[in-house]
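Each chain, written out:
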Amino acid sequence: MEHSRSARTVFGFCILILLLIGLLLLSLTVGSSRISAAEAFRTLFGGESGDSASRIIRDIRMPRSLAALILGGALSVAGFLLQCFFRNPIAGPFVLGISSGAKLCVAMVMILSLQQGFFLHSGILVLAAFAGALLCMLTILVFSGKVQHMAQLIISGVMIGYICNALTDFAVTFADDANIVNLHNWSRGSFSGTSWADVRDMAIITAFAMIGSVLLSKPISAYQLGESYAKNMGVRIKPFRILLILLSSLLAACVTAFAGPISFVGIAVPHLVKGLFRSAKPLIIIPASFLGGSVFCLGCDLLARTLFSPQELSVSTVTAVFGAPVVIAVMLRREKERSRT
Amino acid sequence: MNTDHILLEAKSFSAGYRKQIVVDDISFTLHAGEVLTLIGPNGAGKSTVLKTIANQIDLISGDAVICGKSVQEQTEKELARQISVLLTDRITAERMSCFDVAAAGRYPYTGLLGMLSEQDKQIVQDALKMVGADDLADASFSWISDGQRQSVMLARAIAQEPKVLLLDEPTSYLDISRKLDFLCLLRKLARERGIAVIQSLHELDLAQRFSDKLLCIRDGKAQRFGTPDIIFSGDYITELYGIRNGRYDPLYGTAEPSAYTGQPQVFVIGGGGTAIPVYRKLYRAGIPFATGVIHENDLDYPAAKALAADLITAPSFEPIPEDAFRSACEIMMQCETVICTLEAFGTMNHANQKLRNLAEQINKLQTDIKKQPS
C-alpha cells in the first residue's frame with residue numbers, strides 16, 4: 001500500500017507534467033496563424049530571428065501561455081488554501097467574492113490613472129488587487145464567524161461578489177474613455193495582451209507565494225483535523241491563519257491584477273487533483289494543484305481563443321463550463337458521504 | 001516506571017470564555033501512571049476544565065502545571081510533546097487513511113515539511129496495533145465506524161507520545177464491549193508507560209471501576225476530589241447529579257427510580273435476587289407493592305429498597321426476627337395478591353416459608369408467577 005501510494009504520486013505528477021508540455025506546445029502552434037512544431041522549436045531554442053512566425057510566438061503566444069500557466073496554478077493553490085482555511089470544500093477566490101473585490105479595486109485604480117493620465121505599473125495593480133482581496137476576505141471572515149452552515153458562507157461570498165461587480169460596472173459606465181474597452185475586456189477575464197514584463201512580475205509574486213504555501217503544508221495537514229487538534233499538535237493557530245489569509249489573497253490578487261477574475265478554477269482543480277492523487281496531503285496537493293491549474297487554464301485558454309476563431313471567448317466562460325460541474329459533483333459526493341455515516 | 005512524580009497539577013484555577021468564568025477554583029494533582037476521571041452533570045464544566053488544561057481556553061486565574069511548568073508558559077511545541085488529546089469534535093478527514101490520521105500525532109516531532117521518518121512510521125504502526133486498528137491502516141477514515149474512529153483517534157494521541165493523555169467523554173459512542181476495551185487500554189497505557197490519564201466520563205459505573213481518582217464538578221466548581229471508594233459512598237452521587245426522581249446506588253453502580261407510593265396492592269416474598277424481575281414488572285405497570293422479608297445483604301435488597309412502597313427487612317446473617325415476620329404478615333393481609341419468587345427456603349429465611357404458607361391458606365398466593373403480573 002505504501003508502495004502503491006508513492007507510485008500513484010509519481011504517476012500523477014508524470015501525467016500532469018506531460019499534459020502541461022503537450023498543451024504548452026499546442027498553444028504555441030495553434031492559432032489564427034498556424035505555426036509548425038518544428039518552427040516553434042526553432043524559435044524557442046534557435047535564438048533571434050526576425051520572421052513573423054517567430055515574432056508571434058515570442059511576443060504574443062509565449063507570454064500568453066506562460067501567463068495561463070502561472071496564473072492558473074496560482075488560482076488553484078489559492079482555492080486549496082481557502083478550502084483548508086474555511087474547512088469548506090466549495091470555497092474559492094471566485095465564489096467567495098475575493099476575485100471580485102480585487103477586480104473592483106483594480107478597476108478603480110485603472111480608471112483613476114486613465115483620468116489623471118499617469119502610467120500604471122503592474123506592481124500598483126497587484127497592490128490594488130491585494131487590498132481589494134484582503135478587504136473582501138475580512139468581510140467574509142466576519143460572516144464566517146456568524147454563519148453555521150457551509151452553504152451560507154458561500155452565499156454570502158457570492159453576494160459580496162455581486163456587490164463588487166455592480167460597483168465595478170457602475171464605475172466603468174461613468175468613466176467613459178476610449179480605453180474603457182480594454183478595461184471591459186480585462187474585467188471578464190482574459191490572458192490576452194500579456195507582456196514579458198507582466199510574466200516576470202507574476203512569476204516573482206507567484207513563486208514567492210508558492211514557497212510560502214509549501215512551507216505551510218505541515219500546519220495545513222494538522223489543521224485538516226480541526227482547529228482543536230491542530231492546536232494540540234503545536235500549531236500556533238493565530239499566526240497560521242493570518243499567513244493563510246495573506247497567501248491566498250496574494251495569489252488571488254495576482255491573478256486578478258493580470259488576467260481579471262477567472263471563475264471556478266480555484267474550486268475545481270484542487271478536487272480533481274485530490275481525486276487523481278487519491279490524497280489530500282498538502283505537501284503533494286499544493287504543487288500538484290499548481291500543475292493542475294496550469295494544465296486547466298492552458299487548455300481553457302486554448303479553447304477560448306480557437307473554438308470560435310477569430311472571435312475570442314473570455315477564458316472565464318470556458319473555465320465555468322468545465323469547473324461548475326465539478327462543484328456540483330463535489331457537493332453530491334459530500335452528501336453521499338454524510339448519508340453513509 | 002517512576003510513578004511518584006506529579007505530572008499534572010491544577011492550582012485553584014478558574015477559566016472561561018471572554019473573561020466570563022465558567023469553571024472556578026479547580027484544584028487537583030495527578031501523578032504518573034494514574035487515571036483521573038471528571039464526573040458531574042451535563043454542563044457542569046467538565047469539558048471546560050479539560051480544554052483549559054490542554055491550553056485551548058485561557059486561564060483567568062490560578063494555574064495549570066504540566067511537568068513542572070505552567071501550560072501558558074510553554075511553547076506550543078513543548079506542550080504538544082507533553083499532552084495529547086482526544087476530543088468530542090467530529091472530524092472530517094477528507095481522503096485520509098487511518099494511518100494518515102494516526103500519523104498526525106507525530107507532528108511535534110517531524111521537521112519543517114512534516115515528512116515521517118522510518119522511526120515515526122514504526123511508532124504510528126505500533127500505536128495502531130495497540131488500539132487494535134492495525135488492519136485499518138489503509139482504510140479511508142471517513143468510511144469506518146464511529147467506534148473504529150475513536151480507536152484511530154486514540155492511536156493518534158498515543159503516537160504523539162504524551163506524558164499526559166486527555167480525553168473528553170471518550171467512550172460515549174462505543175458499545176459496551178468497546179467501552180471496556182477502551183478503558184482497559186487506558187489503564188494499560190497508564191501502567192506500562194507511566195502516562196497520566198485525565199478524562200471525563202458519563203458512565204459512572206465505569207468511572208468507579210477504572211479510575212484512581214475522581215474529580216466531581218458541579219456548577220463550574222470542583223466539589224470533591226478523591227478515590228472512588230470515598231466518592232462512591234453514601235448518597236453523594238445522587239446529590240452531585242441532583243437526582244430527584246430516584247437514587248444512584250454506588251454499590252451496584254446503577255440508578256433506580258423512586259418507588260410508587262401508596263397502599264401496596266401486591267406483596268412479594270423474595271430473596272436471593274429472585275424477586276428483581278417481579279419488582280421491575282410491577283414498577284413498569286405502576287403498581288405499588290410491598291416486599292419482605294429481605295435480608296439487608298440480600299441481592300434483592302437494593303432494588304427492593306428503591307422500588308417497593310413498603311419493605312420489611314431482616315439484619316444481615318441473622319434468622320428473620322419475630323417482629324419482622326409479624327409486620328410482614330400485617331402488610332400482606334392488606335394486599336390483594338401475594339407473589340412468592342422463592343422455591344426453596346433455608347434456616348435464615350424460614351419465616352418467609354411461613355409467610356408463603358399463610359398466603360396460600362388465605363387464597364392470595366399467585367402460583368403461576370410467570371403469568372402474573374403483566
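These numbers were taken from a predicted model, which means no experiment stands behind them.

**Some points on the sheet that holds strand E15 (residues 310-314) of chain B**
All names here are of chain B.
For step 1, the next point in the chain: In space, the 5 strands of this open sheet follow the order E15-E14-E13-E16-E17, with parallel pairing throughout. Single-partner strands in this sheet number two, and they are E15 and strand E17 (365-366).
For step 2, the next point in the chain: Pairing geometry for strand E16 (residues 337-340) and E17, over 2 bridges, is parallel. When the sheet's bridge partners are listed, Ile 339 is paired in E17 with Gln 366.

**With respect to the interface of chain A and chain B**
For step 1, the next point in the chain: Contact with chain A, which involves 32 residues of that partner, is made by 38 residues of chain B.
For step 2, the next point in the chain: In this assembly, chain A packs against chain B so that about 3,100 Å² is buried in total across both faces, 53% of it on carbon and sulfur atoms.
For step 3, the next point in the chain: Remark: the boundary between chain A and chain B carries 3 salt bridges.
For step 4, the next point in the chain: Among the ionic pairs, Arg 5 of chain A bridges to Asp 100 of chain B, the shortest N-O distance being 3.1 Å.
For step 5, the next point in the chain: Across the chain A-chain B interface, the total number found is 14 residue pairs in polar contact (both at pLDDT 80 or more).
For step 6, the next point in the chain: Broken down by secondary-structure element, the contributors of at least two residues to the side of chain A that touches chain B are helix H1 (2-29), helix H8 (196-215), helix H9 (217-223), helix H10 (227-232), helix H12 (265-277) and helix H14 (315-340) of chain A.
For step 7, the next point in the chain: Its residues placed into classes, the side of chain A that touches chain B shows 11 nonpolar, 9 polar and 12 charged.

**Considerations on the pattern of salt bridges**
For step 1, the next point in the chain: Inspection of the entire model under this criterion finds 20 salt bridges over all chains.
For step 2, the next point in the chain: Arg 200 of chain A serves as the salt-bridge partner of Asp 201 of chain A, at 3.2 Å between the closest nitrogen and oxygen.
For step 3, the next point in the chain: With a relative accessible area of 13%, Asp 201 of chain A lands in the buried category.
For step 4, the next point in the chain: Residues joined by salt bridges that share partners form a network here, namely Arg 5 and Lys 281 of chain A together with Asp 100 of chain B.

**Regarding the nonpolar core**
For step 1, the next point in the chain: Membership of the largest hydrophobic core comes to 192 residues, with the highest contact counts inside it found for Leu 96 of chain A together with Ile 39, Ile 53, Leu 154 and Ile 198 of chain B.
For step 2, the next point in the chain: Per-element tally for this core: the top contributor is helix H3 (residues 52-86) of chain A, with 19 residues.
For step 3, the next point in the chain: Leu 154 of chain B has contacts with Leu 86, Val 131, Leu 165, Leu 167, Phe 182, Leu 185 and Leu 186 of chain B, leaving out every residue within four places of it along the chain.
For step 4, the next point in the chain: Core analysis: the second largest hydrophobic core is formed by 21 residues, Ala 328, Cys 329, Ile 331 and Cys 340 of chain B among them.

**What about the packing of aromatic side chains?**
For step 1, the next point in the chain: A complete count under the given rule lists 8 aromatic pairs over all chains for this structure.
For step 2, the next point in the chain: Centroid distance Phe 85 of chain A to Phe 86 of chain A: 4.9 Å. Interplanar angle 80°. Geometry classified as edge-to-face.
For step 3, the next point in the chain: The class for Phe 86 of chain A is buried, based on a relative accessible area of 12%.
For step 4, the next point in the chain: Between Tyr 279 of chain B and Phe 289 of chain B, the ring centres sit 5.3 Å apart and the planes meet at 15°, which makes this aromatic pair stacked. Taken together, the residues span a long stretch of sequence, with Tyr 279 of chain B in helix H10 (residues 276-285) and Phe 289 of chain B in strand E14 (residues 289-295) at a distance of 10 residues.
For step 5, the next point in the chain: The ring of Tyr 107 of chain B has Lys 218 of chain A lying over it, and the distance from NZ or CZ to the ring centre is 4.4 Å.

**Remarks on unusual backbone geometry**
All names here are of chain B.
For step 1, the next point in the chain: For the bond from Gly 292 to Val 293, the omega torsion is -20°, close enough to zero to count as cis.
For step 2, the next point in the chain: Within the element layout of this structure, Val 293 appears in strand E14.
For step 3, the next point in the chain: For Cys 67, which is not glycine, the phi dihedral falls at a positive 50°.
For step 4, the next point in the chain: Tracing the backbone shows Cys 67 in the loop between strand E4 (59-66) and strand E5 (69-70).
For step 5, the next point in the chain: Backbone geometry at Phe 317 places phi at a positive 60°, although glycine is not the residue there.
For step 6, the next point in the chain: If you trace the backbone, Phe 317 turns up in the loop between E15 and helix H12 (322-334).
For step 7, the next point in the chain: For Phe 317, a relative accessible area of 67% gives the class exposed.

**Focus: the state of the cysteines**
For step 1, the next point in the chain: Counting across every chain of the model gives 0 disulfides over all chains.
For step 2, the next point in the chain: Cysteine Cys 297 of chain A remains unbridged, with the sulfur of Cys 300 of chain A as its closest cysteine sulfur at 6.2 Å.
For step 3, the next point in the chain: Judged by its relative accessible area of 0%, Cys 297 of chain A is buried.
For step 4, the next point in the chain: A disulfide-free cysteine, Cys 340 of chain B has its sulfur positioned 13 Å from the sulfur of Cys 329 of chain B, the nearest such atom.

**A closer look at the domain arrangement of chain B**
For step 1, the next point in the chain: As far as domains go, chain B holds domain 1 (6-249) and domain 2 (259-366).
For step 2, the next point in the chain: In this structure, domain 1 of chain B and domain 2 of chain B have C-alpha centres spaced 46 Å apart.

**Observations concerning the side chain of Ser 99 of chain A**
All names here are of chain A.
For step 1, the next point in the chain: Turning to its location among the elements, Ser 99 is positioned in helix H4 (residues 98-116).
For step 2, the next point in the chain: The class of Ser 99 is buried, set by a relative accessible area of 1%.
For step 3, the next point in the chain: Setting aside residues up to four positions removed in sequence, Ser 99 forms contacts with Pro 93, Phe 94, Thr 256 and Pro 261.

**Looking at the packing of H4 of chain A against helix H6 (residues 150-174) of chain A**
Residue and element names in this part refer to chain A.
For step 1, the next point in the chain: Two numbers describe how H4 lies on H6: the axes approach to 8 Å, and their chain directions differ by 15°. As the angle between them shows, H4 and H6 are arranged roughly parallel. Between H4 and H6 lies a crossing whose hand is left-handed. Of the residues in H6, those touching H4 at Ser 100, Gly 101, Lys 103, Leu 104, Ala 107, Met 108 and Ile 111 are Gly 161, Cys 164, Asn 165, Leu 167, Thr 168, Ala 171 and Val 172.
For step 2, the next point in the chain: Partitioning the contact of H4 with H6 into residue classes produces 8 nonpolar, 5 polar and 1 charged.

**Notes on the pairing of strand E3 (residues 35-39) of chain B**
Each regular strand displays side chains that alternate between the two surfaces of the sheet.
All names here are of chain B.
For step 1, the next point in the chain: The buried fraction of E3 amounts to 5 of the 5 residues, a majority that puts the element mostly inside the structure.
For step 2, the next point in the chain: Sheet topology note: the E3/strand E8 (residues 196-200) ladder contains 4 bridges and is parallel. Residue Val 35 lies in a different strand from E8, and its bridge partner there is Val 197.
For step 3, the next point in the chain: As paired elements, E3 and strand E9 (residues 213-218) share 4 bridges and run parallel to each other. Its bridge partner lying in E9, Leu 36 is registered against Lys 213.

**A short note on a nonpolar patch on the surface**
For step 1, the next point in the chain: Taken together, the side chains of Ile 211 and Leu 215 of chain A together with Leu 112, Leu 113 and Met 115 of chain B make up a nonpolar region of the molecular surface, amounting to roughly 510 Å² of accessible area.
For step 2, the next point in the chain: Tracing the backbone through its elements, the reader meets Leu 215 of chain A in helix H8.

Rules used in this analysis
Residues numbered from 1 in each chain as written. Chains lettered and ligands numbered in written order. Predicted model: local features only at pLDDT ≥ 70, side-chain atom pairs only at ≥ 80, totals over all residues. Heavy atoms only, no water. Pairing = 2+ DSSP bridges. Helix = DSSP H or I, 4+ residues; strand = E, 2+ residues; numbered from the N terminus. Contact = heavy atoms within 4.5 Å. Buried area = accessible area lost by both parts, 1.4 Å probe. Salt bridge = Lys/Arg side-chain N within 4 Å of Asp/Glu carboxyl O. Polar contact = N/O pair within 3.5 Å; in protein donor to acceptor, adjacent residues only side chain to side chain. Nonpolar A, V, L, I, M, F, W, Y, C, P; charged D, E, K, R; others polar. Buried < 20%, exposed > 50% of the residue type's maximum accessible area, 1.4 Å probe, protein only. Core = buried A, V, L, I, M, F, W, Y, C linked by side-chain atoms within 4.5 Å. Phe/Tyr/Trp six-rings, centres within 6.5 Å; stacked < 30°, edge-to-face > 60°. Lys NZ or Arg CZ within 6 Å of the ring centre and 35° of its normal. Disulfide = S-S within 2.5 Å. Domains from an automatic or database assignment. Axes fitted to C-alpha atoms, helices over the stretch in contact; angles between N-to-C directions. Parallel < 35°, antiparallel > 145°, perpendicular 65-115°, else oblique. Left-handed = near helix turned anticlockwise from the far one by under 90°. Patch = residues over 30% accessible without salt bridge, like charges linked within 9 Å, V, L, I, M, F, W, Y side chains within 5 Å. Areas by Shrake-Rupley, 256 points an atom, 1.4 Å probe, with all protein chains shown as cover.

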